[in-house]
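# Fold and contact review
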Amino acid sequence: MKTKLVLIGITLLAMLACNVDERVVDNYEEKTGVFYVSTGQPAQLGVLELPLGNIVSGDIYYDNNNERLPGRIENVVSFRDQLYIFVPEMHTIVIANPETYKKITVIDFSEDSLEPVGISFPNSTDGYIIFGNKPVVHLLDITTNIVARKIEIDGIASDIDCAGNQIFVTIPEKNSVSVIDSRTHKQEASISVSPVPSYVGISFDGKFAFIVSKGYGKQDEMPKSAAVLSIIDIGTRQVTRTLDIGFASASAVDEIPVGIAVSSDRILFVAAMDNIYRMDYKTASSINRVRKENIKSVEYISKKDQLVFLSRDSNNRRIIIASPLTGSYSAQVAVPPDIDKIFSL
């Protein structure tokens, strides 16, 4: 009997020990972070831990390669086992390991003076790259990091995203969205949308593409027009609904969108320079203001199911963590005033 009691005691202690270990792991996994880019020189890719706002590294690339990135960083995208760092002014994409941050290779587009600004991945082997200065998309074989094909599109692209084999590219100068099919590697359609389409997001079920148009007069000398959200049915490639991005005293004509984030809760958010907007795309009946906030950029971190905003106010900067369902703030932290952009870690 005593032996049985001893064995039971040992078993309970072991179970408790396992439970303690599990809690430690869970607490660790609650930590998240973002890459950040500052306005200063030389170009640096920093890492900020959230929600505390601790700077893990002021330049994670330099720390692990003992060399600087070649110029101003426009975009940072992580996919599978590669981190893509876009340096358009030097016509390059620096590819690094997302775990060690060691450089893998550099893709150089200087021969054609191309300025890479974004990439989307319809499958595990292909990356479609857009450029900020020429109307072309390059198909990158991400298993070899070699450009396999060049695809002509209607105009210079501003953003790119994909739903399965359908790749959507916003073309501000043409007020259109180019649709590339990854099976044919060609532009298969052009969809007219509201003026100056600048950002694109895809619903998690892959049924809809959301296009945020800034409107005229926000980055040109034309008379102002409304900022608009267009909803495209991906199956039919038709615009099914348009909604002005504005709120009472904040007219859609005056709003300047700066980004879009689509959450896993079937909710999308549009960040503008002065307000944050939310839409439930289950009904898509209206787009509503969440709160007034001067936003610089927005990211949805799918691993943690979190919205992260970079807010700017005079010379101050804050990173805000918000609910992906309601947009309500769960944490805010002051960050250095020279932080210019944030990207999902």
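For the structure given in this document, a descriptive report is provided here. (Residues numbered from 1 in each chain as written. Predicted model: local features only at pLDDT ≥ 70, side-chain atom pairs only at ≥ 80, totals over all residues. Heavy atoms only, no water.)

### Some words on the nonpolar core
Grouped burial of nonpolar side chains is what soluble globular proteins tend to show. Formed by 19 residues in total, the largest nonpolar core has its most connected members in Phe210, Leu229, Ile245, Leu268, Met279 and Ile287. Of all the elements in the fold, those that place two or more residues in this core are strand E17 (208-213), strand E18 (228-233), strand E20 (257-262), strand E21 (267-272) and strand E22 (275-280). (Core = buried A, V, L, I, M, F, W, Y, C linked by side-chain atoms within 4.5 Å. Buried < 20%, exposed > 50% of the residue type's maximum accessible area, 1.4 Å probe, protein only. Helix = DSSP H or I, 4+ residues; strand = E, 2+ residues; numbered from the N terminus.)

### Description of the side chain of Glu293
Relative to the assigned elements, Glu293 resides in the loop between strand E23 (288-292) and strand E24 (295-301). Judged by its relative accessible area of 10%, Glu293 is buried. Beyond its immediate chain neighbours, meaning those up to four positions away, Glu293 contacts Ala272, Met273, Asp274, Asn275, Ile276, Ser311, Arg318, Ile320 and Tyr329. (Contact = heavy atoms within 4.5 Å.)

### Thoughts on the pattern of salt bridges
Applying the stated rule across the entire model yields 10 salt bridges. The partner of Lys103 in a salt bridge is Glu67, and the shortest N-O contact between them spans 3.0 Å. Of this pair, Lys103 sits in strand E7 (residues 103-108) while Glu67 sits in the loop between helix H2 (60-65) and strand E4 (75-79), placing them 36 residues apart in sequence. Lys103 sits in the partly exposed class, given a relative accessible area of 37%. For Glu67, a relative accessible area of 31% puts it in the partly exposed group. Across the pair Lys282 and Asp280 runs a salt bridge whose closest N-O atoms are separated by 3.3 Å. (Salt bridge = Lys/Arg side-chain N within 4 Å of Asp/Glu carboxyl O.)

### Points about the sheet that holds strand E25 (residues 306-313)
With antiparallel pairing, four strands are arranged side by side in an open sheet as E24-E25-E26-E27. Every other strand in the sheet has two partners, leaving E24 and strand E27 (329-335) as the edge strands with one partner each. Within the sheet, the average angular offset between the axes of one strand and its neighbour, ignoring direction, is 20°. Sheet topology places strand E26 (residues 316-322) next to E27; six bridges connect them, and they run antiparallel. Its bridge partner lying in E27, Ile321 is registered against Ala331. (Pairing = 2+ DSSP bridges. Axes fitted to C-alpha atoms, helices over the stretch in contact; angles between N-to-C directions.)

### Here's the deal with the pairing of strand E5 (residues 82-87)
When a strand is regular, its side chains alternate between the sheet's two faces. Of all the six residues making up E5, six are buried; the element is thus mostly covered by neighbouring parts of the structure. Side chains of E5 alternate between two faces, with Gln82, Tyr84 and Phe86 and Leu83, Ile85 and Val87 buried alike. The loop that links E4 with its antiparallel partner E5 comprises two residues; one of these, Arg80, has a positive phi angle of about 55°. In textbook terms, the turn of a hairpin is the stretch between consecutive antiparallel strands, and for E5 and strand E6 (residues 92-96) this stretch comprises four residues, one of which, His91, has a positive phi near 60°.

### Some details on unusual backbone geometry
When glycine is set aside, most residues are seen to have a negative phi, and most peptide bonds are trans. In this chain, Gln41 is followed by Pro42 through a cis amide linkage whose omega measures 0°. Assignment of secondary structure puts Pro42 in the loop between strand E1 (32-38) and strand E2 (45-50). Following Leu50, the chain continues to Pro51 via a peptide bond in cis, the omega torsion being 10°. Summarising the element assignment, Pro51 is placed in the loop between E2 and strand E3 (55-57). Phi angles above zero are rare outside glycine, and His91 is one such case at about 60°. Considering the arrangement of structural elements, one finds His91 in the loop between E5 and E6. Even without a glycine there, the phi angle at Arg237 is positive, about 60°. Residue placement: Arg237 occurs in the loop between E18 and strand E19 (238-244). On the basis of relative accessibility, which here comes to 24%, the residue Arg237 falls in the partly exposed class.

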